[in-house]
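Structural features, examined
If you want the building blocks of each chain, they are given just below.
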Amino acid sequence: MPQRIPVHVRGLDPISETGVITQLRSRPELTVVPAMSDRPEVVVAVADVIGPPAIELIRGLRGEGAARIITVLSAPDDAALLAAVEAGVCGVVSRAEATPERLTTAITHAAAMEGVLSPKLLGRLLEQVSRLQNQVLAPRGLHLSGISEREATVLRLIAQGNEIKEIAAELCYSERTIKNTLHDVVSRFHLRNRTHAVAFALQEGLI
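Below is a summary of the structure that appears in this document.

1. Things to note about helix 8 (residues 175-188)
Here helix 8 is 14 residues long and its end C-alpha atoms lie 20 Å apart, about the 20 Å a rise of 1.5 Å per residue gives. Listed in full, the buried residues belonging to helix 8 are Ile-178, Thr-181, Leu-182, Val-185 and Val-186. Summarising the axial view, the buried residues of helix 8 lie within an arc of 130°, below the 170-degree limit, and thus occupy one face. Looking at helix 8, the residues exposed on the side facing more than 90 degrees away from the buried face are Arg-176 and His-183. Once helix 8 finishes, His-190 follows within two positions and takes phi at roughly 55°, a positive value.

Shown next, in the form of structure tokens:
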């Protein structure tokens, strides 16, 4: 018999929290645990909307050690989806879709470290991400990956075997600027050195 997934439920109001707990207790795949000290694999955060109280709830749960958080929202709009993801959730389920079966499926996916969004919500989130990239970050030379166009170019040229002097000449920057660019990337992503930075960028598909 498959092992039950331990789940903890935390809501902004006791009625919503109790309702979700009642739904999940009937599922043989899950075990509802009363506290974070019971080490749940998945935490379900229940809120009407993503506002300051909900963000505080999610961040508080992460501070208590929750690695995989699903949030149940009444009407997740585009802004709420982005805010929830930025706060650290791995999935969003709308209250209208939050049947015991749907919640169990979402929790199972979260426990397997998979994202949890309905096709409709996923499409809206991707549209938001695309809009953010094209309208906000791209005009500033930035990417969602957290590296700038110049940083990506420098790493790409290093991956091709170019020396600092050659890169500086090709990009019309000083050697100090190229070194500082590399140092910024290494520091920001907690990498060991230039070679590690190139390997990281290649592995993450940044160059």
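Anyway, onward from the coordinates.
2. Overview of unusual backbone geometry
In this structure, Arg-39 is a non-glycine residue whose phi angle is positive, near 55°. Examined against the element boundaries, Arg-39 turns out to sit in the loop between strand 2 (30-32) and strand 3 (42-46).

3. A word on the nonpolar core
Counting residues in hydrophobic clusters, the biggest one holds 20 residues, and the most contacted among them are Leu-24, Val-44 and Ile-107. Broken down by secondary-structure element, the contributors of at least two residues to this core are strand 1 (5-11), helix 1 (14-25), strand 2, strand 3, strand 4 (69-73) and helix 4 (100-111). If you tally residues by element for this core, the top one is helix 4, at five residues. When neighbours within four sequence positions are excluded, Val-44 is seen to be in contact with Val-7, His-8, Val-9, Arg-10, Val-20, Leu-24, Ile-70, Val-72 and Ile-107. Core analysis: the next-biggest nonpolar cluster, separate from the first, contains 18 residues, Val-43, Ile-55, Leu-73 and Val-92 among them.

4. Digging into the pattern of salt bridges
It is possible for side chains of opposite charge to pair when their charged atoms get near one another. According to the stated counting rule, one finds four salt bridges in the structure shown. When the shortest N-O distance is used, the salt bridge between Arg-10 and Glu-64 registers 3.2 Å. In this pair, Arg-10 sits in strand 1 while Glu-64 sits in the loop between helix 2 (52-63) and strand 4, placing the two residues 54 residues apart along the sequence. In this structure Glu-64 comes out as partly exposed when scored by relative accessible area, which is 43%. Residues Arg-95 and Asp-48 are paired through a salt bridge, measuring 3.1 Å at the closest nitrogen-oxygen approach. You can see Arg-95 sitting in the loop between strand 5 (91-94) and helix 4 and its partner Asp-48 sitting in the loop between strand 3 and helix 2, a full 47 residues away along the chain. A cluster of three or more residues bridged by salt bridges with shared partners is formed by Arg-27, Glu-29 and Glu-101.

About the thresholds
Residues numbered from 1 in each chain as written. Predicted model: local features only at pLDDT ≥ 70, side-chain atom pairs only at ≥ 80, totals over all residues. Heavy atoms only, no water. Helix = DSSP H or I, 4+ residues; strand = E, 2+ residues; numbered from the N terminus. Expected span 1.5 Å × (residues − 1). Buried < 20%, exposed > 50% of the residue type's maximum accessible area, 1.4 Å probe, protein only. Arc of directions from axis to C-beta. Core = buried A, V, L, I, M, F, W, Y, C linked by side-chain atoms within 4.5 Å. Contact = heavy atoms within 4.5 Å. Salt bridge = Lys/Arg side-chain N within 4 Å of Asp/Glu carboxyl O.

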